[in-house]
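# Remarks on the overall topology
Next come the chains, spelled out residue by residue.
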Amino acid sequence: TWGFNNIMVSKSPEGEGKEVSMIDFDPLKDYPKDFFVKTLQEIAGEKLLMFDKDLQPFFRIMIRGLEKGVIKDQVFLEPESVIDVKTPVVVFMLKANVTLIKAIIKLIQAHQEDTKFVVFFCPRYTVICKEILEVGNVLNNVEIFELPYELLPIEKDVLTLDEPSGFRNMMLGYSMQTLTLVKHSLQRIEAIYGKIPLKFAKGVWSCMMYDAIGGKEKDVASEGEAQYSEIDALIMMDRTVDLYTPLLTQSTYEGMIDEFYGIRSGIIEVDGKILDPELKGPGGVKTLYLMSQEDIMFADSKDLHFNLMKDHFPKKISGNEGLSREEGNCENFERNG
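Now for a quick tour of the structure. Only a predicted model underlies this, so the values are computations on that prediction, with no experimental measurement involved.

### A look at the packing of aromatic side chains
Summed over the entire model, instances satisfying the criterion amount to eight aromatic pairs. Centroid distance Phe 25 to Tyr 193: 5.4 Å. Interplanar angle 65°. Geometry classified as edge-to-face. Here Phe 25 is found in the loop between strand 1 (6–8) and helix 1 (26–42), whereas its partner Tyr 193 is found in helix 6 (residues 177–193), with 168 residues between them in sequence. Summarising the burial analysis for this pair, Phe 25 and Tyr 193 share the class buried. With a centroid separation of 5.1 Å and 65° between ring planes, the pair formed by Phe 36 and Phe 120 is classed as edge-to-face. With Phe 36 in helix 1 and Phe 120 in strand 5 (residues 116–121), this pair connects stretches of sequence that are 84 residues apart.

As structure tokens, this is what we get:
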């Protein structure tokens, strides 16, 4: 089911009693990750990586493929960033954000004599980006790459475009940029997993996308040749269908975390003192990743109503402690021969 900013995935069972298998979406992130890693490894010298804070989910996927030592340090790229460059190479990773582009122009102008600069624009390097760099007289002093990501697998059944401004751009700015990104994303999915046989759309923007990806066209296979697709159907809906739900208060455990702290593509930022109440002095902001495949407690609890958590958590904690003790006993047994 496509929601224009997130895609929820479900695999229908092929028969009663058979196990339902999820689609492997790793190939969607393999190309940008491999390209990013290979490009950095081909550039000699230690590197400082400065990345757009809005790219945290994408950056987390990219950084996993890097060998230790390829990047010396990484910091957020802020509009007023001032750095003391101690590496021969500085790498910027950012969206087509005018404010951040102007920020990197200042940094390049201050260090262009003794530093190599590399810029990755995600997901597109636009004409506006080029014009701003030209006006700043730094276009010839940087090496520019385009890192075209469309979808990020943040859960085994959730992919995201990570475009929080998509609704505003389409509904108020009448921008087609988000629709173009959606179109490219769906085309990539069909290129990897096969042509989706059934497509449905509800909503103004979804119907436009239905026409854009050829929803009315029927694929005719050659005689003796079957059309194969790992995805049975695509159901597209957009926010024009339902403008009320975002105004409601969420009542699940995951929903309450979102209400109080805000979840952005599986990431939340909290005060360090919340995690460690006995911490003396400022706790600072801590970044946490809420991923079901990495956090068993969260996976088991995220969809429960918060009124059930009072009884649920003690049982889970007790069960995990018992499991930990059993694992500890096994380790001791193996260690003692």
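Picking up after the structure, the text goes on.
### Section: the environment of Glu 146
Mapped onto the elements, Glu 146 comes out in strand 6 (residues 142–146). Residue classification places Glu 146 among the partly exposed positions, given a relative accessible area of 36%. Counting along the chain gives 21 residues from Glu 146 to Tyr 125, while the straight-line C-alpha distance between them is 5.8 Å. Among residues more than four places away in sequence, those in contact with Glu 146 are Phe 35, Phe 121, Pro 123, Arg 124 and Tyr 125. Of note is the side chain of Glu 146, whose polar atom sits 2.8 Å from the backbone nitrogen of Tyr 125.

### Considerations on the packing of helix 3 (residues 98–111) against helix 4 (residues 127–135)
Between helix 3 and helix 4, the least distance of the axes is 10 Å, while the angle of their chain directions is 30°. By the criterion of interaxial angle, the relationship of helix 3 to helix 4 is roughly parallel. In this structure, helix 3 crosses over helix 4, and the sense of that crossing is right-handed. Residues Val 98, Ile 101, Lys 102 and Ile 105 of helix 3 touch helix 4, and the partners they reach there are Ile 128, Cys 129, Ile 132 and Leu 133. The residue makeup of the contact of helix 3 with helix 4, split by class, is seven nonpolar, no polar and one charged.

### Quick look at unusual backbone geometry
Cis geometry is adopted by the peptide bond preceding Pro 123, which originates at Cys 122 and carries an omega value of -5°. Relative to the helices and strands, Pro 123 resides in the loop between strand 5 and helix 4. Even without being glycine, Asn 137 reaches a positive phi, approximately 60°. With respect to the helices, strands and loops of the structure, Asn 137 is situated in the loop between helix 4 and strand 6. Overall, the relative accessible area of 63% leaves Asn 137 in the exposed class.

### So, the pairing of strand 5
Of all six residues in strand 5, five are buried, a share of seventy percent or more. Relative to strand 5, strand 4 (residues 89–94) runs parallel, the two sharing six bridges. Its bridge partner being in strand 5, Leu 94 is matched across the sheet by Phe 121. With helix 3 bridging strand 4 and the parallel strand 5, this β-α-β connection has right-handed handedness.

### A word on the side chain of Glu 190
Position of Glu 190 relative to the elements: it lies in helix 6. Since its relative accessible area comes to 12%, Glu 190 is described here as buried. Among the polar contacts listed, one links the side chain of Glu 190 to the backbone nitrogen of Ile 196, at a separation of 3.0 Å.

### So, the packing of helix 1 against helix 6
Two numbers describe how helix 1 lies on helix 6: the axes approach to 10 Å, and their chain directions differ by 110°. Classified by the interaxial angle, the pair formed by helix 1 and helix 6 is roughly perpendicular. In contact with Asp 26, Pro 27, Leu 28 and Tyr 31 of helix 1, helix 6 contributes Arg 188, Ile 189, Ile 192 and Tyr 193. Split into classes, the residues belonging to the contact of helix 1 with helix 6 amount to six nonpolar, no polar and two charged.

Conventions we followed
- Residues numbered from 1 in each chain as written.
- Predicted model: local features only at pLDDT ≥ 70, side-chain atom pairs only at ≥ 80, totals over all residues.
- Heavy atoms only, no water.
- Phe/Tyr/Trp six-rings, centres within 6.5 Å; stacked < 30°, edge-to-face > 60°.
- Helix = DSSP H or I, 4+ residues; strand = E, 2+ residues; numbered from the N terminus.
- Buried < 20%, exposed > 50% of the residue type's maximum accessible area, 1.4 Å probe, protein only.
- Contact = heavy atoms within 4.5 Å.
- Polar contact = N/O pair within 3.5 Å; in protein donor to acceptor, adjacent residues only side chain to side chain.
- Axes fitted to C-alpha atoms, helices over the stretch in contact; angles between N-to-C directions.
- Parallel < 35°, antiparallel > 145°, perpendicular 65-115°, else oblique.
- Left-handed = near helix turned anticlockwise from the far one by under 90°.
- Nonpolar A, V, L, I, M, F, W, Y, C, P; charged D, E, K, R; others polar.
- Pairing = 2+ DSSP bridges.
- Right-handed = clockwise from strand over helix to strand, strands pointing away.

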